[in-house]
Amino acid sequence: MWSRSTRDVCCGRKIATAKLASPVKDALRRYAKLEAQRAKVPRRIAIGEVVTNDVVQLATERKHLTDVIVYEWNASGMQADCHLATRVSPDS
């Protein structure tokens, strides 16, 4: 048999959980609805369906330039992460 204080704590926990459960259930319903909408969108679309003008392929030099920019951007982000980790770590 539970004591009165134990029972009150359990009942209080149920009330607190019920207050939190409603927004969580709403969020899960919204998530399921969005997932269903996303499932209807095709994974790939032919470029002819999107672009009405002629499709122009980038020159090799331009592609290399964009690849270098993307690589440097990622590298600088990784470097910033490392610096932040060394600042935050308890060993430093």
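In case you missed it, the structure is sitting above this.
Overview of the structure. These numbers were taken from a predicted model, which means no experiment stands behind them. (Residues numbered from 1 in each chain as written. Predicted model: local features only at pLDDT ≥ 70, side-chain atom pairs only at ≥ 80, totals over all residues. Heavy atoms only, no water.)

So, the overall build of the chain
No. 1: Helices and strands together make up the secondary structure of the chain, namely 3 helices and 0 strands.
No. 2: Starting at the N terminus and ending at the C terminus, the chain contains elements arranged as α-α-α.
No. 3: With 92 residues in all, the chain has 0% of them scored as buried.
No. 4: When the accessible surface of the chain is totalled, it reaches about 9400 Å², and 61% of it is carbon and sulfur. (Helix = DSSP H or I, 4+ residues; strand = E, 2+ residues; numbered from the N terminus. Buried < 20%, exposed > 50% of the residue type's maximum accessible area, 1.4 Å probe, protein only. Areas by Shrake-Rupley, 256 points an atom, 1.4 Å probe, with all protein chains shown as cover.)

Some thoughts on the pattern of salt bridges
No. 1: This model, assessed by the stated rule, comprises 3 salt bridges.
No. 2: In this structure, R38 engages E35 in a salt bridge whose closest nitrogen and oxygen atoms are separated by 3.8 Å. Of the two residues, R38 and E35 are both situated in helix 1 (residues 4–40); the distance of 3 residues between them amounts to about one turn of the helix.
No. 3: A relative accessible area of 58% places R38 in the exposed class.
No. 4: Overall, the relative accessible area of 29% leaves E35 in the partly exposed class.
No. 5: Among the salt bridges present, the one from K63 reaches D67, with a minimum N-O distance of 3.5 Å. Of this pair, K63 and D67 both sit in helix 3 (residues 60–88), 4 residues apart, roughly one helical turn.
No. 6: Overall, the relative accessible area of 43% leaves K63 in the partly exposed class. (Salt bridge = Lys/Arg side-chain N within 4 Å of Asp/Glu carboxyl O.)

A word on a nonpolar patch on the surface
No. 1: Taken together, I45, I47, V50, V51 and V55 make up a surface patch of nonpolar side chains, about 440 Å² in accessible area.
No. 2: Along the polypeptide, V50 turns up in helix 2 (residues 47–50).
No. 3: Using a relative accessible area of 58% as the deciding quantity, one classes V50 as exposed. (Patch = residues over 30% accessible without salt bridge, like charges linked within 9 Å, V, L, I, M, F, W, Y side chains within 5 Å.)

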